[in-house]
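So the chains spell out like this:
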Amino acid sequence: CRPSEAPAAAQKPRCPVEGCKEKLSRINSFACGRCKKTVCMKHRFEDTHACQEPAKNSVLLGGGRDSARRCLGSGFAQQLRALGQNRGLAVR
C-alpha cells in the first residue's frame, strides 16, 4: 500500500467556540436554535458560545440560563412569593 494513495481520513468537526478543541459527534453536539451553530455540550447555553441572534420571547422559548436569570431577577419570583403568602401557602 502506498501512503500517497491512501484515502484522507475525514476529520470530525470541532466545536467552533474559541479555545475549545472538543470533537463533535452525534452524542456530544448541540444545535443552537437561535444562531444555528453546532457546539459541544459544554457550550450549549447561549451565554457560553456567544450566541449572536436575539430571540423573541426567549423566556417562553427556553432561552437558556440568561433568560432564567432575567426572569428571576425581574421581580416575577417576588410577586409569586407574595401571592403564595397572601393565600397562606409556604413558598420559599
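Every value quoted in this text rests on a predicted model; they were computed, and no experiment measured them.

J.: Residues and numbers for the nonpolar core, please.
T.: In this structure, Cys15, Val17, Cys20, Leu24, Val39 and Cys40 together form the largest nonpolar core, which totals six residues. Apart from residues no more than four positions distant in its own chain, Val39 is found in contact with Cys15, Pro16, Val17, Leu24, Asn28, Ser29, Phe30, Arg44 and His49.

J.: Kindly report on the side chain of His49, identifying the contributing residues and their values.
T.: Topologically, His49 is positioned in the loop between strand E2 (38-40) and helix H1 (65-73). His49 sits in the buried class, given a relative accessible area of 4%. A polar contact is formed between the side chain of His49 and the backbone oxygen of Phe45, at a distance of 3.0 Å. Filtering out sequence-adjacent residues up to four positions away, His49 remains in contact with Val17, Cys32, Cys35, Lys37, Val39, His43 and Arg44.

J.: Lay out the environment of Pro13 in plain terms, naming residues and giving numbers.
T.: Relative to the helices and strands, Pro13 is located in the segment before strand E1 (29-31). Once the C-alpha coordinates of Pro13 and Lys23 are considered, the two residues, ten residues apart in sequence, prove to be 5.9 Å apart.

J.: Tell me what's going on with a positive patch on the surface, and back it up with residues and numbers.
T.: A grouping of Lys12, Arg14, Lys21 and Lys23 is seen on the molecular surface, where their side chains present a positively charged patch. When you line up the elements, Lys21 lands in the segment before E1.

J.: Account for the confidence of the model for the protein chain, naming residues and giving values.
T.: Caution applies to low-pLDDT parts of the model: their predicted coordinates are not meant to be read in detail. Across the protein chain, the average pLDDT comes to 74, with 49% of residues at 70 or higher. Every residue in residues 57-61 is under pLDDT 50, and counting partners more than four places away or in other chains gives six contacts.

J.: Please give an account of the side chain of His43 that cites residues and values.
T.: Residue position: His43 is located in the loop between E2 and H1. For His43, a relative accessible area of 10% puts it in the buried group. Sequence-distant contacts of His43, that is, excluding residues within four places in its chain, are made with Cys15, Val17, Cys20, Thr48 and His49.

The rules behind the values
Residues numbered from 1 in each chain as written. Predicted model: local features only at pLDDT ≥ 70, side-chain atom pairs only at ≥ 80, totals over all residues. Heavy atoms only, no water. Core = buried A, V, L, I, M, F, W, Y, C linked by side-chain atoms within 4.5 Å. Buried < 20%, exposed > 50% of the residue type's maximum accessible area, 1.4 Å probe, protein only. Contact = heavy atoms within 4.5 Å. Helix = DSSP H or I, 4+ residues; strand = E, 2+ residues; numbered from the N terminus. Polar contact = N/O pair within 3.5 Å; in protein donor to acceptor, adjacent residues only side chain to side chain. Patch = residues over 30% accessible without salt bridge, like charges linked within 9 Å, V, L, I, M, F, W, Y side chains within 5 Å. Areas by Shrake-Rupley, 256 points an atom, 1.4 Å probe, with all protein chains shown as cover. Salt bridge = Lys/Arg side-chain N within 4 Å of Asp/Glu carboxyl O. Lys, Arg positive; Asp, Glu negative; His and termini not counted. Charge placed at Lys NZ, Arg CZ, Asp CG, Glu CD. pLDDT = per-residue confidence, 0-100.

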